[in-house]
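Structural overview for review
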Amino acid sequence: MSTTVMEQTVSSSSSNIVNGIDTDAVHTLIDDVDRDPAKGMTHWRVASAWQGGTHSRAQVDGFAIGGANVSRRFAIDMDEPFEIGGGNAYANPQEYLIAALSACMIVGYTALCALQGIALQKREITTEGDIDLRGFFGLDPAVPAGYRELSSRVVIQGDGTEEQFQKIHDMVLATSPNFYNITRAVRVAPVLTIE
């Protein structure tokens, strides 16, 4: 999240843990990044490998923040539905994509509310969109291979006012990394290696 935008939401009377977030730690991170922008630089890496059929496994081994490597180990399995030639063992990449968008936004709502001392009882996001398989199968070059549009329904309940929640909603849309990544073109430069 942008430091200047985040600072506007900081409440000086925040408690230590709000909505499951250690607000003191977040305040410290914001202050550190404000003083030294290099501390706010992060690097993310996921290595994906074919597991057979339409099944792939993405492996997360860590990330870097402020030049320091942080070890974390997670595996994310993906597949396709039977109807698209898959084994239907896991959610597919499109479902993970919109799940990642919603999860990132939920983090934003949770953290921004916590920093303002707003206790939340509920936050839900339902996101959906259509993909025309003519684009995926290469049947019609005029048909995009992916989503043309996604719609999201955000439900939030807590002790904030309608005005506070609207400001937080606007800030989430302005600062969520995955909302940014999906709503703007991100340059991707694949390099093919043949072994």
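Computed from a predicted structure; not experimentally measured.

Quick look at the packing of helix 3 (residues 93-115) against helix 5 (residues 162-175)
Helix 5 packs onto helix 3 with a crossing angle of 135° between their chain directions and a minimal axis gap of 9 Å. As judged from the angle between their axes, helix 3 and helix 5 are oblique. Seen from above, helix 3 lies across helix 5 with right-handed handedness. On helix 5, the residues touching Met105, Gly108, Tyr109, Leu112 and Cys113 of helix 3 are Phe165, Ile168, His169, Met171, Val172 and Leu173. Split into classes, the residues belonging to the contact of helix 3 with helix 5 amount to nine nonpolar, two polar and no charged.

Here we look at the pattern of salt bridges
Applying the stated criterion across every chain, the model contains six salt bridges. For Arg73, the salt bridge identified is with Asp61, shortest N-O distance 2.4 Å. Remark: Asp61 occurs in strand 5 (residues 55-65) and Arg73 occurs in strand 6 (residues 68-78); sequence separation between them is 12 residues. We classify Arg73 as exposed; its relative accessible area is 61%. In the salt-bridge network here, residues are joined through shared partners; they are Asp132, Arg134 and Asp140.

Regarding unusual backbone geometry
Phi angles above zero are rare outside glycine, and Asn19 is one such case at about 55°. Position of Asn19 among the secondary structure elements: in the loop between strand 1 (17-18) and strand 2 (21-22). Although it is not a glycine, Asn88 adopts a positive phi angle of roughly 60°. Note on placement: Asn88 falls in the loop between strand 6 and helix 3. Judged by relative accessible area, which is 41%, Asn88 ranks as partly exposed.

What about the environment of Ile98?
Residue position: Ile98 is located in helix 3. Taking the C-alpha atoms as reference points, Ile98 and Arg57, separated by 41 residues in sequence, lie 18 Å from one another. In this structure Ile98 touches Thr127, Tyr147 and Leu150, once residues within four positions along its chain are discounted.

Concerning helix 2 (residues 23-35)
Each α-helix winds once per 3.6 residues, and so residues spaced three or four apart point in a common direction. With 13 residues, helix 2 should reach 18 Å at 1.5 Å per residue; the first-to-last C-alpha distance of 18 Å fits that figure. When we look at burial in helix 2, the residues that qualify are Thr23, His27, Ile30 and Val33. Along helix 2, the residues classed as buried sweep out an arc of 130° about the axis, all on the same side.

Considerations on the packing of aromatic side chains
The final tally for this structure, using the stated rule, is two aromatic pairs. With centroids separated by 4.6 Å and ring planes inclined at 5°, the aromatic side chains of Trp44 and Phe63 adopt a geometry described as stacked. Of the two residues, Trp44 is situated in strand 3 (residues 42-44) and Phe63 in strand 5; the sequence distance between them amounts to 19 residues. Owing to a relative accessible area of 55%, Trp44 belongs among the exposed residues under this scheme.

What about the nonpolar core?
Leu101, Met105, Tyr109, Leu112, Cys113, Ile118, Leu120, Ile125, Phe165, Ile168, Met171 and Val172 form the largest nonpolar core, which has 12 residues in total. Of all the secondary structure elements, the ones that give two or more residues to this core are helix 3, strand 7 (120-129) and helix 5. Here the element with the most residues in this core is helix 3; it accounts for five residues. Setting aside chain neighbours within four positions, we find Ile168 in contact with Tyr109, Leu112, Cys113, Gln116 and Ile118.

Here we look at the side chain of Gln59
Looking at the secondary structure, you find Gln59 in strand 5. A polar contact is formed between the side chain of Gln59 and the backbone oxygen of Phe74, at a distance of 3.1 Å. The residues contacting Gln59, other than those within four sequence positions of it, are Arg45, Val46, Ala47, Arg73, Phe74 and Ala75.

The rules we used
Residues numbered from 1 in each chain as written. Predicted model: local features only at pLDDT ≥ 70, side-chain atom pairs only at ≥ 80, totals over all residues. Heavy atoms only, no water. Axes fitted to C-alpha atoms, helices over the stretch in contact; angles between N-to-C directions. Helix = DSSP H or I, 4+ residues; strand = E, 2+ residues; numbered from the N terminus. Parallel < 35°, antiparallel > 145°, perpendicular 65-115°, else oblique. Left-handed = near helix turned anticlockwise from the far one by under 90°. Contact = heavy atoms within 4.5 Å. Nonpolar A, V, L, I, M, F, W, Y, C, P; charged D, E, K, R; others polar. Salt bridge = Lys/Arg side-chain N within 4 Å of Asp/Glu carboxyl O. Buried < 20%, exposed > 50% of the residue type's maximum accessible area, 1.4 Å probe, protein only. Expected span 1.5 Å × (residues − 1). Arc of directions from axis to C-beta. Phe/Tyr/Trp six-rings, centres within 6.5 Å; stacked < 30°, edge-to-face > 60°. Core = buried A, V, L, I, M, F, W, Y, C linked by side-chain atoms within 4.5 Å. Polar contact = N/O pair within 3.5 Å; in protein donor to acceptor, adjacent residues only side chain to side chain.

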